[in-house]
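One letter stands for each residue in the lines below.
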Amino acid sequence: MSATSTIFVLNGPNLNLLGVREPEVYGYDTLDDIGGRLEDQAQALGLAIDMRQSNHEGHLIDWLHEANAVRARAVILNPGAFTHTSIALYDAIKAITVPVIEVHLSNPHTREAFRHRSYVGQAAKGTIAGFGAMSYALALDAAAKL
Ligand code: DQA
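About the cut-offs
- Residues numbered from 1 in each chain as written.
- Predicted model: local features only at pLDDT ≥ 70, side-chain atom pairs only at ≥ 80, totals over all residues.
- Heavy atoms only, no water.
- Helix = DSSP H or I, 4+ residues; strand = E, 2+ residues; numbered from the N terminus.
- Buried < 20%, exposed > 50% of the residue type's maximum accessible area, 1.4 Å probe, protein only.
- Contact = heavy atoms within 4.5 Å.
- Areas by Shrake-Rupley, 256 points an atom, 1.4 Å probe, with all protein chains shown as cover.
- Lys, Arg positive; Asp, Glu negative; His and termini not counted.
- Charge placed at Lys NZ, Arg CZ, Asp CG, Glu CD.
- Pairing = 2+ DSSP bridges.
- Axes fitted to C-alpha atoms, helices over the stretch in contact; angles between N-to-C directions.
- Near = heavy atom within 4 Å.
- Polar contact = N/O pair within 3.5 Å; in protein donor to acceptor, adjacent residues only side chain to side chain.
- Nonpolar A, V, L, I, M, F, W, Y, C, P; charged D, E, K, R; others polar.
- Parallel < 35°, antiparallel > 145°, perpendicular 65-115°, else oblique.
- Left-handed = near helix turned anticlockwise from the far one by under 90°.
- Core = buried A, V, L, I, M, F, W, Y, C linked by side-chain atoms within 4.5 Å.

Draft legend 1. A look at the overall build of the protein chain. Of the regular secondary structure elements, the protein chain holds five helices and five strands. Each helix (α) and strand (β) of the protein chain, taken in turn from the N terminus, gives the series β-α-α-β-α-β-α-β-β-α. Taking the principal axes of the C-alpha coordinates as reference, the protein chain spans close to 45 × 30 × 25 Å. Scored against the burial criterion, the 146 residues of the protein chain give a buried share of 46%. For the protein chain, the share of sequence-separated contacts (at least 6 apart) that also reach a separation of at least 24 residues comes to 78%. When the accessible surface of the protein chain is split by element, carbon and sulfur atoms take 52% of a total near 7,100 Å². Here the protein chain contributes 11 positively and 15 negatively charged side chains, and the mean placements of these two sets differ by 8 Å.

In structure tokens form, the structure reads like this:
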């Protein structure tokens, strides 16, 4: 069975606070602002997005499994701080065949040393980081071309 036209956009901990959380680092867009623009972009590309956020690691793992089970075209994943800690997310990405694109608003490599290691990035198809909300738009363009 071929992939569907749906792209999962999964967001991890604290990203529900976008817009008010350290705006000098993450910008003033809320997650809803980003999601709204991604919906328009997806529609123009003939795709659909399914955007979700959770502060719980297990939810993100379950959603990765679900994306695979429903044959999503791709997953755009901002794992938040789980990026730097979660071998369980690394294993989940390795366990599925749907391509996962890691995104970050900020560029973790220019920040604290504890953000320099990404477990997710070691399993993901690719990573887009440092472009603010545009990181998501770039990831969606990449997902459309996979
Ligand atoms: C983030 C970067 C992470 O280091 C941080 O823990 C986040 C957000 C980003 O989008 O820039 O929560 O994933």
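Draft legend 2. The arrangement of the sheet that holds strand 3 (residues 74–78) in detail. The strand order across the open sheet formed by five strands is 2-1-3-4-5, and the pairing between neighbours is parallel. Looking at strand neighbours, the two that pair on one side only are strand 2 (48–53) and strand 5 (126–129), the edges of this open sheet. Each strand axis lies, on average, 20° off the axis of its neighbour in the sheet, ignoring direction. The sheet contact formed by strand 1 (residues 6–11) and strand 2 spans six bridges and is parallel. In the strand pairing of strand 2, Ile7 is matched with Ile49. Of the strands in this sheet, strand 1 and strand 2 touch helix 2 (residues 31–44), which is tilted by about 165° from strand 2.

Draft legend 3. Structural context of the site of the ligand. Inspection of the region around the ligand gives Arg21, Tyr26, Asn78, Gly80, Ala81, His84, His104, Leu105, Ser106 and Arg115 as its neighbouring residues. In the model, an oxygen atom of the ligand is placed 3.0 Å from a nitrogen or oxygen of the Arg21 side chain. One of the side-chain nitrogen or oxygen atoms of His84 is found 2.7 Å away from an oxygen atom of the ligand. Contact with the protein chains removes 99% of the 320 Å² of surface that the ligand exposes when unbound. Tallied by class, residues from the shell around the ligand come to three nonpolar, five polar and two charged.

Draft legend 4. Spatial organisation of the packing of helix 2 against helix 5 (residues 134–145). Look at helix 2 against helix 5: their axes get within 10 Å of each other, and the N-to-C directions meet at 30°. Taken together, the axis directions place helix 2 and helix 5 in an arrangement best described as roughly parallel. Taken as a pair, helix 2 and helix 5 cross one another with a handedness that is right-handed. Touching Leu31, Ile34, Leu38, Gln41 and Ala42 of helix 2 are Tyr136, Ala137, Leu140 and Asp141, all from helix 5. Classifying every residue of the contact of helix 2 with helix 5 by side-chain character gives seven nonpolar, one polar and one charged.

Draft legend 5. A look at the nonpolar core. Within the largest apolar cluster, 22 residues are counted, with the highest numbers of intra-cluster contacts made by Leu18, Ile34, Leu38, Ile76, Leu105, Tyr136 and Leu140. For this core, the secondary-structure elements that each account for two or more residues are strand 1, helix 2, strand 3, strand 4 (100–104) and helix 5. When near neighbours in sequence (up to four residues on either side) are disregarded, Leu140 contacts Ile7, Leu38, Gln41, Ala42, Leu45, Ile49 and Ile76. In this structure, Leu60, Leu89, Val98 and Ala123 belong to the second largest nonpolar core, which totals 19 residues.

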